[in-house]
Amino acid sequence: MGASFFTLMDVLSQPVLVLNSGYMPVGIKSVRDAICMVLMEKADIIKEAANLFIRSEKLKLPAPRIILLINYNHLPKRKIRLSRQNILIRDNHTCSYCAKQLSASKLTLDHIIPKSRWAEIQKDRKATDFNSWENIVTACKECNTKKGSKLLSELKWKLPPIKKLDPRLTPLLFVSNKTAEEFGWNEYLFYNQY
Ligand SMILES: [Zn+2]
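Note that this is a predicted model, so its numbers are computed, not measured.

Regarding the sheet that holds strand E4 (residues 60-69)
Right, on to step 1. Taken together, 4 strands build an open sheet; the order of strands is E2-E1-E4-E3 and the sheet is mixed. On the outer flanks of this sheet lie strand E2 (25-30) and strand E3 (43-55), each paired with one strand and no other. Going across the sheet, the axis of each strand differs from the next one's by a mean of 30°, ignoring polarity.
Right, on to step 2. Note that strand E1 (residues 15-19) and E4 share 3 bridges and pair parallel.

Written out as structure tokens, the structure is:
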């Protein structure tokens, strides 16, 4: 059996990209929820799946892939998650120690005060939490290895001031390129990527 075999339940739980009436991506719903919204005239289907159908004996409807909300032009409130992706964005994909700008695959996250040293540092000389925006920065692999479990003061390394992440720079939706490609969402997510 090929990968294209889907039961009705499988089809109904497939993801559908939801755009607001300004064509901005605002969420992901299941095919089932998307169809409900269309039936309630809250949304229109603007893209159907090429080879995914909702079938019954008398019915064969293509499953929606993208729906457009009618009369809904808001954007979701962006929650800024403490994530690798967001730290890299905040630091402009630049190593905080040697200032090299690199692709994401060549970058790591570095805890400014390493776990093994956290306990020995006085409270007023460190961030509130070990895993926090204040204690994690972008570092290239080389610098991260060199730093190891040392403190910046021991290495005589200086850290540029840590910026605040501008929420406008974070994507509206977290969708991997692979998923966007697979479901044909790319044209509505282009600005969403970086
Ligand atoms: Zn570096």
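We are not done yet, so read on.
Details of the coordination of the zinc ion
Tetrahedral metal sites with four donors have an ideal angle of 109.5 degrees; octahedral sites with six donors have ideal angles of 90 or 180 degrees.
Right, on to step 1. Coordination sphere of the zinc ion, protein contribution only: Cys95 (SG), Cys98 (SG), Cys140 (SG) and Cys143 (SG), at 2.3 to 2.4 Å.
Right, on to step 2. For the zinc ion, the 4 donor atoms are set out with angles of 100 to 116° between them, so the coordination reads as tetrahedral.

Details of the environment of asparagine 71
Right, on to step 1. Turning to its location among the elements, asparagine 71 is positioned in the loop between E4 and helix H3 (84-90).
Right, on to step 2. Asparagine 71 gets classed as exposed once you look at its relative accessible area, which sits at 75%.
Right, on to step 3. The spacing of asparagine 71 and tyrosine 23 is 48 residues in sequence and 12 Å in space, taken between C-alpha atoms.

As for the pattern of salt bridges
Right, on to step 1. The full count for this structure, using the stated rule, is 4 salt bridges.
Right, on to step 2. A salt bridge links arginine 90 to aspartate 91; the nearest nitrogen and oxygen atoms lie 2.9 Å apart.
Right, on to step 3. Between aspartate 110 and lysine 147 there is a salt bridge; the shortest N-O distance is 2.9 Å. Residue aspartate 110 is found in strand E5 (residues 107-111), and its partner lysine 147 is found in helix H5 (residues 141-147); the two are separated by 37 residues along the sequence.
Right, on to step 4. Accessibility expressed as a relative area gives 4% for aspartate 110, which makes it buried.

Overview of the nonpolar core
Nonpolar side chains in soluble globular proteins tend to end up buried together.
Right, on to step 1. Formed by 15 residues in total, the largest nonpolar core has its most connected members in Val31, Ala63, Ile67 and Leu69.
Right, on to step 2. Elements represented by at least two residues in this core include exactly helix H1 (8-12), E1, helix H2 (31-39), E3 and E4.
Right, on to step 3. When residues of this core are assigned to their parent elements, the largest contribution, 4 residues, is made by E3.
Right, on to step 4. If we skip the residues at most four places from it in the chain, valine 31 touches Val11, Leu12, Gln14, Val16, Ile54, Ala63 and Pro64.
Right, on to step 5. Counting residues in each nonpolar core, the second largest holds 11 residues, with Leu17, Leu19, Leu68 and Ala180 among its members.

Considering the side chain of threonine 108
Right, on to step 1. Looking at where threonine 108 falls in the secondary structure, it is placed in strand E5.
Right, on to step 2. Here asparagine 144 takes part through its side chain, which lies 2.7 Å from a polar atom of the side chain of threonine 108.
Right, on to step 3. Not counting chain neighbours up to four residues away, the residues in contact with threonine 108 comprise Arg84, Val137, Thr138, Ala139, Cys140, Lys141 and Asn144.

Focus: H2
Right, on to step 1. Along H2, the positions that sit buried rather than exposed are Val31, Ala34 and Met37. Summarising the axial view, the buried residues of H2 lie within an arc of 125°, below the 170-degree limit, and thus occupy one face.
Right, on to step 2. In this fold, the buried residues of H2 make contact with H1, E1, E2, E3 and E4.
Right, on to step 3. Directly after H2, the chain includes glutamate 41, whose backbone phi takes a positive value near 60°.

Each value, and the rule that gives it
Residues numbered from 1 in each chain as written. Predicted model: local features only at pLDDT ≥ 70, side-chain atom pairs only at ≥ 80, totals over all residues. Heavy atoms only, no water. Pairing = 2+ DSSP bridges. Helix = DSSP H or I, 4+ residues; strand = E, 2+ residues; numbered from the N terminus. Axes fitted to C-alpha atoms, helices over the stretch in contact; angles between N-to-C directions. Donors = N, O, S within 2.8 Å, 3.2 Å for Na, K, Ca; no water. Tetrahedral: all angles 85-135°; square planar, octahedral: opposite > 155°, others 65-115°. Buried < 20%, exposed > 50% of the residue type's maximum accessible area, 1.4 Å probe, protein only. Salt bridge = Lys/Arg side-chain N within 4 Å of Asp/Glu carboxyl O. Core = buried A, V, L, I, M, F, W, Y, C linked by side-chain atoms within 4.5 Å. Contact = heavy atoms within 4.5 Å. Polar contact = N/O pair within 3.5 Å; in protein donor to acceptor, adjacent residues only side chain to side chain. Arc of directions from axis to C-beta.

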